[in-house]
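Here is what each chain is made of, one letter per residue.
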Amino acid sequence: MAHIWQGLLKEYEQYMPDYLKASTLGDSVVTMREGSTPFLRASFLEEITGASKVFVKYEGVNPTGSFKDRGMTAAMSNAKAKGAKAVVCASTGNTSASAAAYAVRAGLKCAVLVPDGKIAMGKLSQAIAAGAHLLQVEGNFDDCLNLARKLSSDYPVELVNSVNPARIEGQKTASFEIVDELGDAPDIHCLPVGNAGNITAYWKGYKEYNEAGQSTKLPKMWGFQAAGAAPIVLGHVVENPETVATAIRIGNPASWKKAEAARDESHGLIDSVTDEEILAAHKLLSTKAGIFVEPASAAGVAGLIKKAKAGEVPAGATIAITVTGHGLKDPQWAVRGLDGVEVTPTKIPVDEVAAAKILDL
Ligand SMILES: *Cc1c(COP(=O)(O)O)cnc(C)c1O
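Counting from 1, residues in each chain are numbered in the order their sequence is written. Local features in this predicted model are restricted to residues whose pLDDT is 70 or higher, and side-chain atom pairs enter the listing and the counts only when it is 80 or higher, whereas totals over whole chains, interfaces and linings include all residues. Hydrogens and water molecules were not included; the side-chain quantities draw on all heavy atoms of the structure.

Asker: Residue-level account of the sheet that holds strand S1 (residues 39-41), with values.
Answerer: A pair of strands counts as paired when DSSP detects no fewer than two bridges linking them. Think of it this way: any DSSP run of H or I at least four residues long counts as a helix, any run of E at least two long counts as a strand, and we number them from the N terminus. The strand order S1-S2-S10-S7-S8-S9 describes an open sheet built from six strands, whose pairing is mixed. With partners counted over all chains shown, the strands left at the sheet margins are S1 and strand S9 (269-273), one partner each. Between one strand axis and the next, the sheet turns through 25° on average, direction left out of account. In this description, contact between two residues means that some pair of their heavy atoms is separated by no more than 4.5 Å. Orientation is described by lines fitted to C-alpha atoms, with helices fitted over the stretch in contact, and by angles between N-to-C directions that extend from 0 to 180 degrees. Across the sheet, helix H9 (residues 173-182) touches S1, strand S2 (53-58), strand S7 (188-192) and strand S10 (318-323), and the angle it forms with S2 is around 140°.

Pasting the structure below:
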């Protein structure tokens, strides 16, 4: 009989700290059987880069459509075990979608704090659908995070933003899955960087699995920020970050120092990619590999292509790239490019020959 995947906390119990072990948590384990995401060979990237093997870790197929679910199973289980009444997050995107769904399964209230001004309700549709309390705070994003912190220190409320250390523990399991599939660590790991929790988590995972004897080497971590939101690359906070890649539109990353540590300890790099490069990679992923992602998710692929053009990708390398979230999160970019031109269907008469001619059959 096939092994039925039980979710991260159970599958990787021995690599969790005591407070997150399934046996400690008991009935408090909150899971949607996240993880075990596809690790797909992307031969078009081998042709472009000259690397011998390139794989894409498709995190968009997690239960709520992004890698955030890996952190959320851990954060939500911990909240439940501690007797929290509610969870809170400051988010307009994938964190809120994940928190809201996992809170339903935990039987906890979920509050999503969003800043004053125009908000994209579409991006919040998953949180709204799950019945989260959407609170629009008269202030900016930092005010939301401060309010969330205060609530969590004065009330039985758990903060589930990426500053919550349980999130990193859950997210590190993506590295384990990659090593399990490859039989060893890759030579290079590429991924997008926003608040930098994920690059921190991957590096922690690779190191711990290596110490446990599951791999013989460690990868170089190659992180990529959007050019309009590249504080780590620039070395200073970006006041008004701008990019189509909304999930990495971050001017002052929460895990800045840890991202630099991952970069330096792994002899890797953190670089930036333009919106044009991101959207080009986004399109290639769909047309060459059948992998539909939201724009931010394509930053790692865009970065690898940029490095290949600069001749910096070693021939013969094995490379893993994380694509972080599903294309249905932000589908407009498939239909409309940066130039604003919309894709339109080709009109034909009700005629078999005309259809065959256009399809070049
Ligand atoms: C959260 C998120 C990111 C950024 O991850 P960080 O841990 O903040 O660096 C990238 N892509 C998607 C789709 C995300 O949801």
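Asker: Just give me the short version of the pattern of salt bridges, but keep the residues and values in it.
Answerer: Within this document, salt bridges are pairs made up of a side-chain nitrogen of Lys or Arg and a carboxyl oxygen of Asp or Glu, the two lying within 4 Å of each other. Summed over all chains, the structure comprises 17 salt bridges. Across the pair lysine 217 and aspartate 187 runs a salt bridge, and its minimum N-O distance is 3.0 Å. One end of the pair, lysine 217, is in the loop between helix H10 (197-211) and strand S8 (220-226); the other, aspartate 187, is in the loop between H9 and S7, and 30 residues separate them in sequence. When accessible area is computed with a 1.4 Å probe and restricted to protein chains, residues below 20% of their type maximum are described as buried, those above 50% as exposed, and intermediate ones as partly exposed. Lysine 217 sits in the partly exposed class, given a relative accessible area of 31%. Exposure remark for aspartate 187: the relative accessible area of 26% places this residue in the partly exposed category. For the salt bridge of lysine 207 with glutamate 265, the shortest nitrogen-to-oxygen distance reads 3.1 Å. With lysine 207 in helix H10 and glutamate 265 in helix H12 (residues 256-265), this residue pair connects regions lying 58 residues apart in the sequence. By relative accessible area, which is 27% here, lysine 207 ends up partly exposed. Each of the salt bridges in this network shares a partner with another, and the network as a whole consists of Lys57, Glu59, Arg70 and Glu177.

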